[in-house]
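Each chain, letter by letter, is given below.
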Protein chains: 2
Amino acid sequence: MDIYKKEKITDYPHLNLIRAKYKDRTGTDKSWLYASRQNSARPDAVVIVPFHQQENKLVIIKEFRVPLGGFQFGFPAGLVDPGESIVQAGRRELYEETGLSVVNVIKQSPAIFSSSGLTDESISLLYVVCDGSANTEQNEASEQIEVKMLSQDQAADCIRQNNILFDVKTWIVLERFAATGKMV
Amino acid sequence: MDIYKKEKITDYPHLNLIRAKYKDRTGTDKSWLYASRQNSARPDAVVIVPFHQQENKLVIIKEFRVPLGGFQFGFPAGLVDPGESIVQAGRRELYEETGLSVVNVIKQSPAIFSSSGLTDESISLLYVVCDGSANTEQNEASEQIEVKMLSQDQAADCIRQNNILFDVKTWIVLERFAATGKMV
């Protein structure tokens, strides 16, 4: 496979379509359209997997997502600002979205790709232990968030509901937590 | 939050940008740009998590991904064709991409969302036991795939490499498999 041209075919501030021209295995010219944030750095975003040490529960958020036109159950997340480390971005986003504070970082994934047929977006998963009382006073006006803390049994109940929209990462981690009591 | 208008602002066959106009919590007009395949059905795609019963190993694929400009380690996956069930699409894609056959389905997730800030794309995870010999004769010309089968120890080695591009779902499942020997 040989990509010989990349063309940005829209011009918006936060997200654009890119057309890559390439030769496939047989030497035939092909093109592939994908969405990109065109950040200079990888990952684009940090996704925090928080475990609350006092409550002994996994923390997720119920958040309005414009592309879904409804509320999704997911993890706190956000774009990494220029000059920020993954851990700094994770601490900031967790606090802004939930009011909780990172006590320690358990594990950090490399930059991993959200859906590589559709986008070059990458995220880093930051597994943390956190503490404090949940509050959403720091939410931006475009954010509408409810913080939920789940025990193993509550996670099992949650994942069985068929009317909830789940983020893919959150579903996989919840399924493990429901089955084993461990998030990582 | 109140979405009062959705506008398709590009016109390509497989992927487009959509602008949603909405009023935020304070009643202020806002807009949000996202990428969509605009399928009528959910999920857009099936992602197969295959365990090989004879080899006793997890199956992943190393695949060229145009948006990344390189090879990614991921699970076999593909769009669900009109009229196809998730299980039918999963059987078909697993065979086309790896030559392996589904023996039985262990678990099927609901439609879950890849990255709901950027896209409305949803997938269903299909955990299966499979059998057969890996071959890539059924690959399309645009596909360049190598099938890899990983024991628990090999998964642990794989996930420690820092020069591999991983799909997010695959990284989370591999991390669990490396730690526990279980994929679900």
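The rules behind the values
- Residues numbered from 1 in each chain as written.
- Chains lettered and ligands numbered in written order.
- Predicted model: local features only at pLDDT ≥ 70, side-chain atom pairs only at ≥ 80, totals over all residues.
- Heavy atoms only, no water.
- pLDDT = per-residue confidence, 0-100.
- Pairing = 2+ DSSP bridges.
- Helix = DSSP H or I, 4+ residues; strand = E, 2+ residues; numbered from the N terminus.
- Axes fitted to C-alpha atoms, helices over the stretch in contact; angles between N-to-C directions.
- Polar contact = N/O pair within 3.5 Å; in protein donor to acceptor, adjacent residues only side chain to side chain.
- Contact = heavy atoms within 4.5 Å.
- Core = buried A, V, L, I, M, F, W, Y, C linked by side-chain atoms within 4.5 Å.
- Buried < 20%, exposed > 50% of the residue type's maximum accessible area, 1.4 Å probe, protein only.
- Least-squares fit on C-alpha atoms with pLDDT ≥ 70 in both.
- Phe/Tyr/Trp six-rings, centres within 6.5 Å; stacked < 30°, edge-to-face > 60°.
- 1 Å grid on protein atoms, 1.4 Å probe; cavity = no way out; pocket = protein on both sides within 12 Å on 5 of 7 lines; lining within 4 Å.
- Points joined across faces, edges and corners; volume = space filled by probe spheres on them.
- Domains from an automatic or database assignment.
- Buried area = accessible area lost by both parts, 1.4 Å probe.
- Salt bridge = Lys/Arg side-chain N within 4 Å of Asp/Glu carboxyl O.
- Nonpolar A, V, L, I, M, F, W, Y, C, P; charged D, E, K, R; others polar.

Student: What is the right way to look at the confidence of the model for chain A in this model?
Tutor: Should pLDDT be low for a region, the predicted coordinates there are not to be read in detail. Of the residues in chain A, 100% reach a pLDDT of 70 or more, and the chain-wide mean stands at 95. As a predicted assembly, this complex carries a pTM of 0.97 together with an ipTM value of 0.97.

Student: Would you mind going over the sheet that holds strand β3 (residues 29-36) of chain B with me for this structure?
Tutor: Hydrogen bonds between backbone atoms are what pair the strands of a sheet, whose relative direction is either parallel or antiparallel. Residues and elements named next belong to chain B. With antiparallel pairing, three strands are arranged side by side in an open sheet as β1-β2-β3. Since the sheet does not close on itself, it has two edges, and those belong to β1 (2-8) and β3, each with one partner. Recorded for the sheet is a direction-independent mean angle of 25° between the axes of neighbouring strands. As judged from the six bridges shared by β1 and strand β2 (residues 16-23), these two strands associate in the antiparallel manner. Looking at the pairing, E7 lines up with R19 of β2.

Student: Can you walk me through the side chain of H52(B) in this structure?
Tutor: Turning to its location among the elements, H52(B) is positioned in strand β4 (residues 45-52). A polar side-chain atom of H52(B) sits 2.8 Å from the main-chain carbonyl oxygen of G132(B).

Student: Which parts of the structure should I look at to understand the sheet that holds strand β2 (residues 16-23) of chain A?
Tutor: Residue and element names in this part refer to chain A. Strand order in this open sheet of three strands is β1-β2-β3, and the pairing throughout is antiparallel. Among the strands making up the open sheet, the edge pair consists of β1 (2-8) and β3 (29-36). If you compare each strand with its neighbour and ignore which way they point, the axes differ by 25° on average.

Student: What is the right way to read the environment of Q144(B) from this model?
Tutor: Relative to the elements of secondary structure, Q144(B) occurs in the loop between β10 (122-131) and β11 (145-150). C-alpha separation for the pair Q144(B) and C158(B), spaced 14 residues apart in sequence, amounts to 20 Å. If we skip the residues at most four places from it in the chain, Q144(B) touches M1(A), R25(A), K62(B), E63(B), F64(B) and F71(B).

Student: I'm lost on the nonpolar core in this one. Help?
Tutor: Proteins that are soluble and globular tend to have nonpolar side chains buried together. Residues L125(A), L125(B) and L174(B) are the most contacted members of the largest nonpolar core, which totals 54 residues. Those residues within four positions of L125(A) in sequence are excluded, and the remaining contacts are V47(A), V49(A), K107(A), Q108(A), S109(A), I112(A), K169(A), W171(B) and I172(B). V46(B), L94(B), V128(B) and V147(B) belong to the second largest nonpolar core, which has 15 residues in total.

Student: I tried to follow the relation of the copies chain A and chain B on my own but got confused; where do I start?
Tutor: Think of it as a corkscrew move, a rotation about one axis and a shift along it, taking one chain copy to the other. In screw terms, the move from chain A to chain B is a rotation of 180° and a rise of 0.0 Å along the axis, fitting with an RMSD of 0.0 Å. Such values leave the two copies arranged in the relation of a two-fold axis. When the interface residues of chain A are mapped onto chain B, 100% of them again fall at the interface, so both copies present the same face.

Student: I'm lost on the packing of aromatic side chains in this one. Help?
Tutor: Geometrically, a pair of aromatic rings is defined through the distance of the ring centres and the angle of the planes. Throughout the structure, instances matching the rule amount to eight aromatic pairs over all chains. An angle of 75° between the planes, with centres 5.5 Å apart, marks the rings of F64(A) and F71(A) as edge-to-face. By relative accessible area, which is 11% here, F64(A) ends up buried. Judged by centre distance (6.5 Å) and plane angle (35°), the rings of Y127(A) and W171(B) are tilted.

Student: Please clarify how the pairing of β10(B) should be interpreted in this entry.
Tutor: The two faces of the sheet receive side chains in turn, since in a regular strand these alternate between them. Residue and element names in this part refer to chain B. Counting buried residues in β10 gives nine out of ten residues, a clear majority hidden from the surface. Two strands pair when backbone bridges link them, and strand β8 (residues 101-108) and β10 are joined in this way by six bridges, in the antiparallel orientation. Residue pairing for β10: V105 is matched across the bridge by V128. In this structure, strand β9 (residues 112-113) lies alongside β10, joined through two bridges in antiparallel fashion. Its bridge partner being in β10, F113 is matched across the sheet by S122.

Student: Can you walk me through empty space enclosed by the protein in this structure?
Tutor: Vacant regions in the atomic arrangement are exposed by a probe of water-molecule size rolled over the atoms. Summed over the entire model, instances satisfying the criterion amount to one cavity of 30 Å³ or more. The calculated volume of the largest cavity comes to roughly 60 Å³. Along its surface, the largest cavity is lined by Y127(A), I172(A), V173(A), R176(A), M183(A), I172(B), V173(B), E175(B), R176(B) and M183(B). Of all the secondary structure elements, the ones that give two or more residues to the lining of the largest cavity are α3 (168-180) of chain A together with α3 (168-180) of chain B. Looking at which element gives the most residues to the lining of the largest cavity, the answer is α3(B), with four residues.

Student: Any chance you could explain the domain arrangement of chain A here in plain terms?
Tutor: One frequently used descriptor of interface size is the decrease in accessible area upon assembly of the parts. Residues and elements named next belong to chain A. Along its sequence, chain A is carved into domain 1 (2-36) and domain 2 (45-180). Between the C-alpha centres of domain 1 and domain 2 the distance comes to 31 Å. Of the residues lining the interface, five residues belong to domain 1; the matching set on domain 2 comes to four residues. Here domain 1 and domain 2 share an interface that buries about 320 Å² over both sides, 38% of which is from carbon and sulfur atoms. Among the residues domain 1 hides against domain 2, the three largest losses belong to W32, Y34 and A35. Together they make up 78% of the total. The interface formed by domain 1 and domain 2 holds zero salt bridges in total. Linking domain 1 to domain 2 there are five residue pairs in polar contact (both at pLDDT 80 or more). For the side of domain 1 that touches domain 2, the residue count by class is four nonpolar, one polar and no charged.

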